[in-house]
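In case you want the letters, here they are:
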Amino acid sequence: RNLAGHQKGKNFAAGVYIAHTLLHSKIIEPILERRVKPDLTISARDALVDAAVYTAFYSNPLIPENAQQRLTLLQRTTRIPFRDIIFFLRTPPHIALQRIQVRDRLNRRQPKQIHEDPDSLTQLQTVYEQILSNLDMRGICTVVDISTEDLTQEDVVAKIRGVIEA
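The sections below set out a description of the structure shown in this document. (Residues numbered from 1 in each chain as written. Predicted model: local features only at pLDDT ≥ 70, side-chain atom pairs only at ≥ 80, totals over all residues. Heavy atoms only, no water.)

## Remarks on the packing of aromatic side chains
Stage number 1. In this structure the tally under the stated criterion is two aromatic pairs.
Stage number 2. Centroid distance Phe88 to Tyr128: 5.8 Å. Interplanar angle 25 degrees. Geometry classified as stacked. Pair noted here: Phe88 is in strand E1 (residues 85-90) and Tyr128 is in helix H5 (residues 118-137), with a separation of 40 residues, a long-range link.
Stage number 3. Take Tyr128: its relative accessible area is 12%, and that puts it in the buried class. (Phe/Tyr/Trp six-rings, centres within 6.5 Å; stacked < 30°, edge-to-face > 60°. Helix = DSSP H or I, 4+ residues; strand = E, 2+ residues; numbered from the N terminus. Buried < 20%, exposed > 50% of the residue type's maximum accessible area, 1.4 Å probe, protein only.)

## Topic: the packing of helix H4 (residues 93-106) against H5
Packed helices, taken two at a time, are described by their axes: the angle between them and the distance between them.
Stage number 1. Running from N to C, H4 and H5 point in directions that differ by 120 degrees, and their axes come no closer than 9 Å. With respect to each other, H4 and H5 are oriented oblique. Considering only the axes of H4 and H5, their crossing is right-handed. Residue-level inspection shows Pro93, Ala96, Leu97 and Ile100 of H4 in contact with H5, the latter providing Pro118, Leu121, Thr122 and Gln125.
Stage number 2. Taken together, the residues that form the contact of H4 with H5 break down as six nonpolar, two polar and no charged. (Axes fitted to C-alpha atoms, helices over the stretch in contact; angles between N-to-C directions. Parallel < 35°, antiparallel > 145°, perpendicular 65-115°, else oblique. Left-handed = near helix turned anticlockwise from the far one by under 90°. Contact = heavy atoms within 4.5 Å. Nonpolar A, V, L, I, M, F, W, Y, C, P; charged D, E, K, R; others polar.)

Here's what the structure looks like:
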């Protein structure tokens, strides 16, 4: 059932997102790093940034409204370190919706997420921009903004590889 517009559903979603963030960042990723001992770790998502964005989007009353306060609270609470570099794959909402439709046709079992509509995707992009700008301005990490609108997945990988190898 789509919980958009239902505050209980939104607060529940924010809580689940924080729990997922902790599970991945405090348990799964460290176990993999200990076993593999990589020189470089690349993650599809940034635990702190995503948690800060989605808790703001879902209006969790326990999380501060200010982006800097939200990031600081999440980082201090979880003790997850900030990443050295974050690649922000910027996709306009109308393109994201087209990609979501393709995904849904290919994987019919995946339920549509609460935020997968034009207004919500626009709001999310704005919150991502605020938080990433805040991190970059504070010198906490480097943010590389890549517009994916006209790029293939291979092009995006090449851009990321170019930055990493530079």
